[in-house]
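Chain by chain, the residues:
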Amino acid sequence: MSEQVKTRVEKEHRIIGNQEAAPAAGFARNDHPGAQWFNGAGLGLFIHYGLSALDGTIELSWGLKCPGPHSYDRVTCGEWGHAMLPRRYWAMAKDFRAENFNPGKWLAAAKRAGFRYAVLTTRHHDGFALWPSDCGNFSTKNHLQGRDLVGEFVAACREHDLKVGLYYSGPDWYYLQDYTSFSFSPDVELGIDFQPEKRRPLTEAVQKDFRAYLHGQLTELLTRYGKIDLLWFDGSIDGAMSHQEMRALQPGMVFNTRGLGYGDFRCCETYFPKERMPPEQWFECCHVFTEGAWGYMKSECYRPIGWFCYELSRIRAWGGNLLINMGPQADGDMPAIAYRRLEEIKGWMDQYSDSVSGVEPGPWPERANVPVTIKGNVFYLHAHWRTDFPLELMDVDRPQAVQLFDGTPLPFTYQNRQLKFVLPWEHNHHTTDVVKVIFQDRQK
Ligand code: GLC
């Protein structure tokens, strides 16, 4: 991750109040049988959908903060990432039709490509709820004649046998518009016309009211749709719902750490963790297919498939899941490029899914110079596109064979418990190539 992106992500997290805290007394990671799927699920699809897609040149919610935090993306993506006056942004709700929002279409493609779960932004920081909520006045209840996009998403997940994940933002800049600064910088406060203005302080009474609103919406999400497998908080929910209550409503659900400061799994947002997590710590890296944005972005900004394959293999080599994001366009369908990428992922998974599904983490980088996963007595070595150095594995027995997935054997050298081989140029592609190292016995 570039320094620029890192600074922006850190700044965003400060604004929305993401933080890590020691688990509260009585919290233990969910050991309910219905929650164990998360560990090793491998691949999830993140979907950021909301009002910003109607404009198509601003980031979801962050387009409400001035100056647009993502403006550096102009280098690669044209006039993108600027700010829009809140009243204009929110007025887009009246044109929101979601006429081609048919989650079954993209979820079917994701399922074919090997995805195991999906997470939809039910309400992002901009405050617009994608289900007809009885709390507040800014949801599909007021704007889409009560259509329930969350319900449609949940039904499609079930139909395609994907675990159901709901994203929910703690902050709500619409509900708290009189108290929110629309500046992206903490040094100056801006009102809803982007005029410098000291915002009203949040009184205890307003906070109480807001917590009741969050509690009401969360209760709807956790009671209206049957089993929810994952709740993906973004930003502090200020204790609006306790973990005990969540467990009572959804005993088999996992939730991330961002709402309460602790939870069942940790997230690394758009970066690979600096250090390995302890083996008992479940984790997920969420990442964007479109450089620099979560909401809809035009096709030119999609990263190549080679980037994705390597990201997936190194996250799996450390035992985490990859939650990869794509943003539907205004009408709710995905842009053609998203289907193309899902098809490419399917192509890679058809060949190599064994190396990333049902595997254990491997000894990389300690004893290998490329990401490794393990299944039984097989080590899978992942060579990033056009790897031009010999692949090495240290402190192992002499393997029975080193081979490509089609069975082609590769010559290797073995000395002092060290294995070395070269991936011939003709087998070295523009995605990640995987080589199997087969041992007689399971290695330590
Ligand atoms: C950040 C951003 C938010 C995005 C989330 C996904 O917290 O504020 O826009 O939804 O990351 O990880």
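Just so you know, these numbers come straight off a predicted model, no measurement behind them.

The rules behind these values
- Residues numbered from 1 in each chain as written.
- Predicted model: local features only at pLDDT ≥ 70, side-chain atom pairs only at ≥ 80, totals over all residues.
- Heavy atoms only, no water.
- Helix = DSSP H or I, 4+ residues; strand = E, 2+ residues; numbered from the N terminus.
- Rg over C-alpha atoms; globule rule 2.2 N^0.38 Å.
- Buried < 20%, exposed > 50% of the residue type's maximum accessible area, 1.4 Å probe, protein only.
- Contact = heavy atoms within 4.5 Å.
- Areas by Shrake-Rupley, 256 points an atom, 1.4 Å probe, with all protein chains shown as cover.
- Axes fitted to C-alpha atoms, helices over the stretch in contact; angles between N-to-C directions.
- Parallel < 35°, antiparallel > 145°, perpendicular 65-115°, else oblique.
- Left-handed = near helix turned anticlockwise from the far one by under 90°.
- Nonpolar A, V, L, I, M, F, W, Y, C, P; charged D, E, K, R; others polar.
- Near = heavy atom within 4 Å.
- Polar contact = N/O pair within 3.5 Å; in protein donor to acceptor, adjacent residues only side chain to side chain.
- Salt bridge = Lys/Arg side-chain N within 4 Å of Asp/Glu carboxyl O.
- Pairing = 2+ DSSP bridges.

1. Looking at the overall build of the protein
Phase 1: Secondary structure summary: the protein contains 11 helices and 16 strands in total.
Phase 2: Taking 444 residues into account, the globule formula puts the C-alpha radius of gyration at 22 Å, and the protein, at 23 Å, falls close to it.
Phase 3: Dimensions of the protein, computed from C-alpha atoms along their principal axes, come out at roughly 70 × 50 × 45 Å.
Phase 4: The buried share of the protein, reckoned over its 444 residues, is 58%.
Phase 5: Relative to all contacts within the protein whose residues are 6 or more apart in sequence, the contacts with residues 24 or more apart total 68%.
Phase 6: Surface accessibility of the protein: about 17,900 Å² in total, with carbon and sulfur atoms responsible for 51%.

2. Points about the packing of helix H10 (residues 305-317) against helix H11 (residues 336-352)
Two quantities define a packed helix pair, namely the angle between the helix axes and the distance between the axes.
Phase 1: At a minimum axis distance of 10 Å, the contact between H10 and H11 shows a crossing angle of 50°. As the angle between them shows, H10 and H11 are arranged oblique. Crossing hand, H10 versus H11: right-handed. When H10 is examined against H11, the residues Ile305, Phe308, Cys309 and Leu312 are found in contact with a partner set consisting of Arg341, Glu344, Ile345, Trp348 and Met349.
Phase 2: When grouped by side-chain class, the residues that make up the contact of H10 with H11 number 7 nonpolar, no polar and 2 charged.

3. Remarks on the site of the ligand
Phase 1: Taken together, 15 residues sit near the ligand, with His48, Trp62, His124, Asp234 and Glu269 positioned nearest.
Phase 2: Between the ligand and the protein, one listed contact pairs an oxygen atom with a side-chain N or O atom of His48 at 2.6 Å.
Phase 3: Contacts to the ligand include Asp234, whose side-chain N or O atom sits 2.9 Å from an oxygen atom.
Phase 4: For the ligand, the protein covers 100% of the area, taking 310 Å² as the surface of the free molecule.
Phase 5: When contributions to the shell around the ligand are tallied by element, the ones reaching two or more residues are helix H1 (3-16) and strand E4 (230-234).
Phase 6: With 3 residues, the single largest contributor to the shell around the ligand is H1.
Phase 7: Residues that form the shell around the ligand fall into these classes: 7 nonpolar, 4 polar and 4 charged.

4. Remarks on the pattern of salt bridges
Phase 1: Tallied over the entire structure, the rule returns 29 salt bridges.
Phase 2: A salt bridge links Asp134 to Arg224; the nearest nitrogen and oxygen atoms lie 3.1 Å apart. Here Asp134, found in the loop between strand E2 (117-123) and helix H6 (140-143), pairs with Arg224, found in the loop between helix H8 (204-223) and E4; they are 90 residues apart in sequence, far enough to count as distant.
Phase 3: According to the relative accessible area criterion, Asp134 is exposed, its value standing at 52%.
Phase 4: Between Asp238 and Arg211 there is a salt bridge, with its nearest N and O atoms 3.2 Å apart. A residue pair is termed long-range when its members are at least 10 positions apart, and Asp238 in the loop between E4 and helix H9 (243-249) and Arg211 in helix H8 qualify at 27 residues.
Phase 5: Asp238 sits in the partly exposed class, given a relative accessible area of 36%.
Phase 6: Here Arg211 falls in the partly exposed class, since its relative accessible area comes to 23%.

5. A word on the sheet that holds E2
Phase 1: Here 8 strands make up an open sheet; going across it, the order is E5-E4-E3-E2-E1-E8-E7-E6 and the pairing parallel. The two strands at the open ends of the sheet, each matched to only one other strand, are strand E5 (254-255) and strand E6 (265-269).
Phase 2: Sheet topology note: the strand E1 (residues 43-47)/E2 ladder contains 4 bridges and is parallel. Counted as the bridge partner of Phe46 is Val119 from E2.

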